[in-house]
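Next come the chains, spelled out residue by residue.
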Amino acid sequence: MAETDKALQELEDLFAAARAERPAVPDRLTAAILEDAARERLRAEPVAPRRPARRPLWRQLAEAVGGWPAMGGLAAASAAGLWIGLAPPSFVPDPVALAGYEDSSTAVPYENYDMAVMLSEDLQ
Amino acid sequence: MSRAAEEVSDDALLVLYANGDGRAAADLTARLSPRVFGVAMRVMGNRAEAEDVTQEAMLRLWKMAPEWRPGEAQVSTWLYRVAMNLCIDRKRRARGGHVELDAVPEPPDPARSAAEAMQEGARQDALQSALMQLPERQRQAVVLRHLEELSNPEIAGIMDISVEAVESLTARGKRALAAVLAGRREELGYSDG
């Protein structure tokens, strides 16, 4: 037990001597550390925000409605609307009739006139 | 290091550095690099490796500075932890390779006689040699506790283990060191009296 205590005390003495003689940092290591610090500081410096590149109007419009997927949907809906307007299915009421216009032959001017009658009238 | 800098915490200096203060880097280097270098020398047992570990640990400190959140942890604890992990990585890579056991030179002390200096140098070499025979984690714990004089909770934070585990590692490490050195008592000039 006494042997162990003595060995541990000698170890404590060795630790104390080691603490008293801390190795000095070599100058070139300090210089290298400071070089790293300067380089990293420059790298981390905030850069001025870059002006966003000017984009064409059509792209801005496409992005405003939600990008290309939304533009595709919009185009499909527009085409379907135009098609239904021009050739409505039978079960859809005729929008022209709904607006109060009759698709009758009387609505077409000069239908009963032929070129000869018109010319004869001009000659009179 | 300036007198004013000594009163500024590591935390504050790191924030100053992150904000572009080059002088803060010099103050932090003067304050922290000797501690990292000392620990790395003892743990690696090799000056060149210790220099590499110190430079790499400090570089990681500079890189981390912009994200550092003051008050959450101690800069020195963070740095010791990085350094210890770098030491472990290097030891793993070098496993099986040559390890210098006596690569820690002792600076001459003019106040001592040549014989005393030689004997003290031999004892310090013996301590380093014995340290290198400890398992990696035991060596780290002993160096941080008995050479850096850090508290057990701080060592626990650095090594990411419990305080009880630190106590166990340092106790076993000391016993192992004492056993190794006991075989060299006569050679190192210790008397039996």
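Throughout, a residue's number is its position along its own chain's written sequence, starting from 1. Chains carry letters from A onward and ligands carry numbers from 1 onward, assigned in written order. It should be noted that, the model being predicted, local features are given only for residues of pLDDT at least 70 and side-chain atom pairs only at 80 or more, the latter also being counted only at that level, while totals for whole chains, interfaces and linings use all residues. Water and hydrogen atoms play no part in the side-chain values, which are based on all heavy atoms of the structure.

For the purposes of this entry, the term helix denotes a DSSP run of H or I that reaches at least four residues, the term strand denotes a run of E that reaches at least two, and both are numbered from the N terminus. The helix and strand inventory of chain B stands at nine helices and zero strands. Traced from its N-terminal end to its C-terminal end, chain B shows the element sequence α-α-α-α-α-α-α-α-α. Using a 1.4 Å probe on the protein chains alone, a residue whose accessible area is under 20% of its type maximum counts as buried, one over 50% counts as exposed, and one in between counts as partly exposed. Buried residues in chain B amount to 48% of all 193 residues. Areas reported here follow the Shrake-Rupley algorithm with a probe of radius 1.4 Å; residue values treat only the protein chains shown as occluding. Total accessible area on chain B is roughly 9,300 Å²; 49% of this is exposed by carbon and sulfur atoms.

Attention shifts here to the overall build of chain A. Within chain A, the secondary structure is distributed over six helices and zero strands. When the elements of chain A are put in sequence order from the N terminus, they spell out α-α-α-α-α-α. In chain A, which comprises 124 residues, the proportion classed as buried is 15%.

In this text, buried Ala, Val, Leu, Ile, Met, Phe, Trp, Tyr and Cys residues form a nonpolar core when linked through side-chain atoms within 4.5 Å. Counting 60 residues, the largest nonpolar core has B:L14, B:L61, B:W62, B:L127, B:L131, B:L144 and B:L177 as the members making the most contacts within it. Per-element tally for this core: the top contributor is helix α3 (residues 22-44) of chain B, with eleven residues. Segmentation into domains, and thus their bounds, comes from an automatic or database assignment. Both domains that furnish three or more residues to this core are identified here as domain 1 (1-100) and domain 2 (109-193) of chain B. Whether two residues are in contact is decided by their heavy atoms, any of which lying within 4.5 Å being enough. Those residues in contact with B:W62 that lie beyond four places of it in its chain are A:I33, A:D36, A:A37, A:E40, B:Y17, B:A25, B:L28 and B:T29.

Each partner contributes residues to the interface: chain B has 43 residues there, and chain A has 29 residues. Joining two parts hides part of their accessible area as seen by a 1.4 Å probe, and the buried area is that hidden amount summed over both. Summed over both sides, the interface between chain B and chain A buries roughly 3,200 Å², with carbon and sulfur atoms accounting for 63% of that surface. The largest per-residue losses of area from chain B upon contact with chain A belong to B:E51, B:Q55 and B:K174, which jointly make up 15% of the total buried on that side. Criterion for a salt bridge: a side-chain nitrogen of Lys or Arg within 4 Å of a carboxyl oxygen of Asp or Glu. Between the two partners, chain B and chain A, sit five salt bridges. Residues A:E40 and B:K63 are paired through a salt bridge, measuring 3.2 Å at the closest nitrogen-oxygen approach. Whenever a nitrogen or oxygen atom comes within 3.5 Å of another N or O atom, the pair is scored as a polar contact, on the condition that within protein one atom can donate a hydrogen and the other can accept it, and that pairs from neighbouring residues in sequence are kept only if both atoms are in side chains. The interface formed by chain B and chain A holds twelve residue pairs in polar contact (both at pLDDT 80 or more) in total. Of all the elements in the fold, those that place two or more residues in the side of chain B that touches chain A are α3, α4 (47-64), α6 (114-132), α7 (136-147) and α9 (163-182) of chain B. Considering each element in turn, the side of chain B that touches chain A owes the most residues, eleven residues, to α3(B). In this classification, Asp, Glu, Lys and Arg are treated as charged, Ala, Val, Leu, Ile, Met, Phe, Trp, Tyr, Cys and Pro as nonpolar, and every other residue, Gly included, as polar. Considering only residue class, the side of chain B that touches chain A consists of 18 nonpolar, ten polar and 15 charged.

Using the criterion set out here, one finds 14 salt bridges over all chains in the structure. Taking the shortest distance from any N to any O, the salt bridge between B:R31 and B:D10 comes out at 2.5 Å. With a gap of 21 residues between them, B:R31 in helix α3 and B:D10 in helix α2 (residues 10-18) connect regions that are remote in the sequence. Residues B:R31 and B:D10 agree in their burial class; the two are buried. Taking the shortest distance from any N to any O, the salt bridge between B:E72 and B:R69 comes out at 3.6 Å. The class of B:E72 is exposed, set by a relative accessible area of 56%. Each of A:E40, A:R43 and B:K63 takes part in one network of salt bridges that share partners.

Residue and element names in this part refer to chain B. When pLDDT is averaged along chain B, the result is 85, and 83% of the positions lie at 70 or above. Across the chain, each position has a pLDDT score giving the predictor's confidence in that residue, from 0 to 100. Within chain B, α4 carries the highest mean pLDDT (96), whereas helix α1 (residues 3-7) carries the lowest (57). Contacts for the low-pLDDT stretch residues 98-108, under 50 throughout, to residues beyond four places or in other chains number 20 contacts. Both scores are given for the predicted complex: the pTM is 0.65, the ipTM 0.81.

Bringing the side chain of B:Q124 into the picture now. Looking at the secondary structure, you find B:Q124 in helix α6. With relative accessibility at 1%, the residue B:Q124 sits in the buried group. Of the polar contacts made by the side chain of B:Q124, one reaches the backbone oxygen of A:L14; its length is 3.2 Å.

Looking at the element boundaries, B:A25 is found in helix α3. Taking C-alpha positions, B:A25 is 7.6 Å from B:L14, a pair spaced eleven residues apart along the chain. For B:A25, the contacting residues outside a window of four places in its chain are A:L34, A:A37, B:Y17 and B:W62.

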